[in-house]
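# Descriptive structure summary
Read off the chains here:
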Amino acid sequence: MAGEKKQGLQLLDFWVSPFGQRCRIALAEKGLPYEYLEQDLGNKSELLLRSNPIHKKIPVLLHDGRPVCESLIIVQYIDEAFGPASSLYDSDPYARAQARFWADYVDKKLYDCGTRLWKLKGEAQAQARKEMVEILKTLEEGALGDKEFLGGDAFGFLDLVVVPFTSWFLTYERHGEFSVEKECPRLAAWAKRCRERESVAKTLSPPEKVYEFVGGMKKRFGIE
């Protein structure tokens with residue numbers, strides 16, 4: 001029927017987006033089938049603009065045609081809408097609050113700093129490098145500590161929120177001339193553990209592909 005809404009789950013996304021990837025990992029962890037709809041961010045589709053008219057950004061989850069926007073909200077929606085028995089969140093309210101605090105920290109700090117690291121030069125880039133190392137060390141000390149995963153003994157919400165950025169570590173390292181493993185060995189080991197998980201391994205972009213993508217972005221922006 002014309003105009004009938006698509007049933008089931010659809011994800012409007014872009015292959016290299018760490019924000020979209022966290023949604024894909026959440027869907028995989030829940031064992032939920034969905035239709036992946038790759039978006040051309042240079043020529044945004046009518047479906048994307050109609051589904052997210054405020055921000056006009058990916059990712060967007062469509063559930064029976066109804067849009068849910070913003071990655072952290074999407075992850076929470078997936079968890080709540082499809083069964084608490086296999087919740088991605090800790091059962092303890094305080095632990096959940098702490099996980100949301102660190103998720104907010106990552107979204108406010110990490111992505112922006114990483115962008116400045118590959119976009120800028122000179123003193124501005126050096127400052128971004130310093131900030132990036134501080135952000136990663138803060139995550140290592142404050143969120144990970146001596147635990148196996150960011151959420152404790154088991155892979156959970158905060159891990160799937162942060163782990164997509166590990167595919168960008170190589171790009172950050174090459175532009176900032178530092179080593180994550182040297183600066184934050186426990187965080188590097190955590191990233192390796194996460195990448196051994198099926199939901200993560202099948203979702204994350206290869207670091208070299210991310211580096212190539214950023215190289216293409218730099219050319220389009222006229223950055224040498």
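An unreviewed UniProt entry lists the protein chain under the name Glutathione S-transferase, from Urochloa decumbens. Its UniProt record gives the protein chain the following Subcellular location (unreviewed entry) comment, quoted word for word: "Cytoplasm, Cytosol". The record in UniProt for the protein chain states the following under Catalytic activity (unreviewed entry): "RX + glutathione = an S-substituted glutathione + a halide anion + H(+)".

## Some words on the UniProt feature "domain: GST C-terminal" (unreviewed entry) in the protein chain
In the numbering adopted here, UniProt assigns the feature "domain: GST C-terminal" (unreviewed entry) to residues 92–213. Taken end to end, residues 92–213 has its terminal C-alpha atoms 40 Å apart, with 74% of it in helix and 0% in strand.

## Points about helix H11 (residues 207–221)
If you check H11, its first and last C-alpha atoms are 21 Å apart, about what 15 residues at 1.5 Å a residue would give, namely 21 Å. Listed as buried for H11 are Val-210, Phe-213, Val-214, Met-217 and Lys-218. Down the axis of H11, the sector holding all buried residues measures 145 degrees, keeping them to one side. Of the surrounding elements, those touching the buried residues of H11 are helix H4 (93–119) and helix H7 (169–176).

## Regarding unusual backbone geometry
That bond from Ile-58 to Pro-59 is cis: its omega, 0 degrees, falls within 30 degrees of zero. Relative to the assigned elements, Pro-59 resides in the loop between helix H2 (46–51) and strand S3 (60–63). Positive phi is not limited to glycine here, since Glu-70 has a value of about 75 degrees. Turning to its location among the elements, Glu-70 is positioned in the loop between strand S4 (66–69) and helix H3 (71–81). For Glu-177, which is not a glycine, the phi torsion comes out positive at approximately 55 degrees. Structurally, Glu-177 can be placed in the loop between H7 and helix H8 (180–183). Looking at Glu-177, the relative accessible area reads 69%, which means it is exposed.

## Here we look at the sheet that holds S4
Sheet architecture is open: four strands sit in the order S2-S1-S3-S4, paired in mixed fashion. Only two strands of the sheet have a single neighbouring strand rather than two, namely strand S2 (35–38) and S4. Averaged over all pairs of adjacent strands, the angle between their axes in this sheet comes to 25 degrees, without regard to strand direction. Bridging between strand S1 (residues 9–13) and S2 involves four bridges; their strand directions are parallel. Bridge pairing in S2 places Asp-13 opposite Glu-38. Across the face of the sheet, helix H1 (residues 18–30) comes into contact with S1 and S2 while running at roughly 155 degrees to S1. Contacts from H3 reach S3 and S4, with the element oriented near 120 degrees to S4.

## Concerning the pattern of salt bridges
Opposite charge on two side chains permits pairing when their charged atoms draw close. Summed over the entire model, instances satisfying the criterion amount to 14 salt bridges. With a shortest N-O distance of 2.7 Å, Glu-29 and Arg-197 are connected by a salt bridge. Of the two residues, Glu-29 sits in helix H1 while Arg-197 sits in the loop between helix H9 (185–195) and helix H10 (198–201), which places them 168 residues apart along the sequence. The exposure class assigned to Arg-197 is partly exposed, which follows from its relative accessible area of 34%. Measuring nitrogen to oxygen at the nearest pair gives 3.5 Å for the salt bridge that ties Arg-193 to Glu-148. In this pair, Arg-193 is assigned in helix H9 and Glu-148 in the loop between helix H5 (122–144) and helix H6 (157–162), connecting sequence segments 45 residues apart. Classification of Arg-193 by relative accessible area gives partly exposed; the value is 24%.

Definitions and limits used
- Residues numbered from 1 in each chain as written.
- Predicted model: local features only at pLDDT ≥ 70, side-chain atom pairs only at ≥ 80, totals over all residues.
- Heavy atoms only, no water.
- UniProt positions renumbered as here; feature names shortened; annotations may be inferred.
- Helix = DSSP H or I, 4+ residues; strand = E, 2+ residues; numbered from the N terminus.
- Expected span 1.5 Å × (residues − 1).
- Buried < 20%, exposed > 50% of the residue type's maximum accessible area, 1.4 Å probe, protein only.
- Arc of directions from axis to C-beta.
- Contact = heavy atoms within 4.5 Å.
- Pairing = 2+ DSSP bridges.
- Axes fitted to C-alpha atoms, helices over the stretch in contact; angles between N-to-C directions.
- Salt bridge = Lys/Arg side-chain N within 4 Å of Asp/Glu carboxyl O.

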